[in-house]
Amino acid sequence: MKLQNQTAIITGATSGMGAAIAKLFAREGARVVVNGRNPERGEKVASEIQEENGSAVFVPSDISAGEGNSLLVEETLKAFGGIDIVVANAGFLGLGRITEISAETWHKTMDTNLNSIYYLLRSAIPEMQKQPRGNIIVNGSIAAFKSFPNHAAYCASKGALVPLIKQIAMDYGPHIRANLICPGPIDTPLIRDSAKAFPDPDRAVADAADATLLKRLGTPEDVAGAALFLASDDSSFITGASITVDGGIMSK
Ligand SMILES: NC(=O)c1ccc[n+]([C@@H]2O[C@H](COP(=O)([O-])OP(=O)(O)OC[C@H]3O[C@@H](n4cnc5c(N)ncnc54)[C@H](O)[C@@H]3O)[C@@H](O)[C@H]2O)c1
């Protein structure tokens, strides 16, 4: 039990990596706040955790706007009384080159992937400072380091997280540790959306798997394992880091 007696908020936890992180953290003893926008999927993840004798509540809120984040923090405090861990995982993939992407899609991508971090942490950090320690994990992407066709807004939003995580680690350490996970191709609904940017989407997913040194897509559980490492004392001397979980793509 690596996260006993700790409360963790996980945004975008109604599917993919967020759901896997919520389930793993609960198995490790954390009280988990499952955030998302779809009540049916959110309640399902929370009840699956409860069925395994874990502790979880679903808090519906849209984290792309300031109010959604302050509501999430308020509801977490009502449910569990404090916040020890924040996993900012929710993400949106708005596709298009600069000359084609609409302003709406550009801003939605920035609001979901970057501005939400500002809004969520602005509310959550003062609460984490009341706890013995705090731990922040943000889910970025290898798109922070590498371009992909039609991914202008997504790459820019994820790229900004690399310096931001260092800044958070500096400004709020040593009380709070903060690290960024940069996944490669992971088998979730989002990668299927990403593949639509390519002429042959099925081929693009197969190519993404083939591009890894491990010759497969990652699983949500692969990323959940990295998140648990970063949330637990196993990584107690790691902060401000951007860690790739990409099957080796960035090592080529
Ligand atoms: N799948 C990949 O290959 C891949 C690769 C690199 C990075 N990522 C990143 O990993 C994270 C998780 O994505 P995933 O692949 O598990 O995809 P996913 O689509 O399964 O999960 C993303 C979740 O975020 C939620 N979400 C989106 N906007 C939200 C909002 N405004 N408010 C609340 N919830 C919101 C979605 O509803 C969904 O539950 C994202 O930040 C994504 O950018 C994914």
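Now for a look at the structure at hand. All values reported here derive from a predicted model rather than from experimental measurement.

Moving on, we get to the overall build of the protein chain. For the protein chain, the helix and strand inventory stands at nine helices and seven strands. Its C-alpha radius of gyration of 17 Å places the protein chain within 12% of the 18 Å reference for a compact globule of 252 residues. Relative to its full complement of 252 residues, the protein chain shows a buried share of 51%. The long-range fraction of contacts in the protein chain, counting pairs at least 24 apart against all pairs at least 6 apart in sequence, stands at 72%. Counting every atom, the protein chain has about 11,500 Å² of accessible surface; 53% of that belongs to carbon and sulfur. Across the protein chain, the centroid of the 23 positively charged side chains sits 4 Å from that of the 27 negatively charged ones.

It is worth spelling out the site of the ligand at this point. Among the 29 residues in the neighbourhood of the ligand, the closest are listed as Ser15, Asp62, Asn89, Tyr154 and Thr188. One nitrogen or oxygen atom from the main chain of Gly16 is found 3.5 Å from an oxygen atom belonging to the ligand. Here an oxygen atom of the ligand and a backbone polar atom of Ile186 are 2.9 Å apart. Relative to its unbound accessible surface of 820 Å², the ligand loses 94% to contact with the protein. Going through the elements one at a time, α1 (16-27), α5 (152-159) and α7 (189-195) are the ones with two or more residues in the shell around the ligand. By residue number, the principal contributor to the shell around the ligand is α7, which donates three residues. Taken together, the residues that form the shell around the ligand break down as ten nonpolar, 15 polar and four charged.

Take the nonpolar core next. Within the largest apolar cluster, 33 residues are counted, with the highest numbers of intra-cluster contacts made by Ile10, Phe25, Val32, Val34, Ile49 and Ile181. The dominant element in this core, judged by the number of residues it contributes, is α1, at eight residues. Membership of the second largest hydrophobic core comes to 29 residues, among which are Val33, Ile83, Ile117 and Met128.

Here we come to the sheet that holds strand β3 (residues 55-60). Strand order in the open sheet formed by seven strands is β3-β2-β1-β4-β5-β6-β7, with parallel pairing between adjacent strands. Across the chains shown, the open sheet's two edge strands, defined by having one partner strand only, are β3 and β7 (242-245). Strand after strand, the sheet turns through a mean of 20° between neighbouring axes, direction not considered. By the bridge criterion, six bridges tie strand β2 (residues 31-36) to β3 in an arrangement that is parallel.

As enumerated under the stated definition, the model contains one aromatic pair in all. Here the aromatic rings of Tyr118 and Tyr119 are separated by 5.1 Å at their centres, their planes lie at 50°, and the arrangement is tilted. On the basis of relative accessible area, Tyr118 is assigned to the partly exposed category, the value being 46%. Across the ring face of Phe92, the terminal group of Lys108 is positioned such that the distance to the ring centre comes to 4.2 Å. In this arrangement the basic side chain of Lys146 is found over the ring face of Phe148, its NZ or CZ atom lying 5.2 Å from the centre.

In this section: the packing of α1 against helix α2 (residues 39-51). Across the interface, α1 lies against α2 with an axial gap of 10 Å and an inter-helix angle of 25°. It follows that α1 is roughly parallel to α2 by the angle criterion. Remark: the crossing between α1 and α2 carries right-handed chirality. Residues Ala19, Ala22, Lys23 and Ala26 of α1 form the contact with α2, whose participating residues are Val45, Glu48 and Ile49. Looking at the contact of α1 with α2 residue by residue, the class counts come to five nonpolar, no polar and two charged.

Our focus in this paragraph is helix α8 (residues 201-211). Those residues of α8 that sit buried are Ala204, Val205, Ala208 and Ala209. The arc that holds the buried residues of α8, viewed along the axis, is 140°, so those residues lie on one side. Facing away from the buried side of α8 by over 90 degrees, the exposed positions are Asp202 and Arg203. Buried residues belonging to α8 abut α7.

With twelve residues, helix α6 (residues 161-172) should reach 16 Å at 1.5 Å per residue; the first-to-last C-alpha distance of 16 Å fits that figure. Of all the residues in α6, the buried ones are Leu161, Val162, Ile165, Ile168 and Ala169. On an axial view of α6, the arc spanned by its buried residues comes to 125°, and they lie on one face. Among the exposed residues of α6, those oriented more than 90 degrees off its buried face are Lys166 and Met170.

Calculation criteria
- Residues numbered from 1 in each chain as written.
- Predicted model: local features only at pLDDT ≥ 70, side-chain atom pairs only at ≥ 80, totals over all residues.
- Heavy atoms only, no water.
- Helix = DSSP H or I, 4+ residues; strand = E, 2+ residues; numbered from the N terminus.
- Rg over C-alpha atoms; globule rule 2.2 N^0.38 Å.
- Buried < 20%, exposed > 50% of the residue type's maximum accessible area, 1.4 Å probe, protein only.
- Contact = heavy atoms within 4.5 Å.
- Areas by Shrake-Rupley, 256 points an atom, 1.4 Å probe, with all protein chains shown as cover.
- Lys, Arg positive; Asp, Glu negative; His and termini not counted.
- Charge placed at Lys NZ, Arg CZ, Asp CG, Glu CD.
- Near = heavy atom within 4 Å.
- Polar contact = N/O pair within 3.5 Å; in protein donor to acceptor, adjacent residues only side chain to side chain.
- Nonpolar A, V, L, I, M, F, W, Y, C, P; charged D, E, K, R; others polar.
- Core = buried A, V, L, I, M, F, W, Y, C linked by side-chain atoms within 4.5 Å.
- Pairing = 2+ DSSP bridges.
- Axes fitted to C-alpha atoms, helices over the stretch in contact; angles between N-to-C directions.
- Phe/Tyr/Trp six-rings, centres within 6.5 Å; stacked < 30°, edge-to-face > 60°.
- Lys NZ or Arg CZ within 6 Å of the ring centre and 35° of its normal.
- Parallel < 35°, antiparallel > 145°, perpendicular 65-115°, else oblique.
- Left-handed = near helix turned anticlockwise from the far one by under 90°.
- Arc of directions from axis to C-beta.
- Expected span 1.5 Å × (residues − 1).

The values are spatial; any link to function lies outside them.
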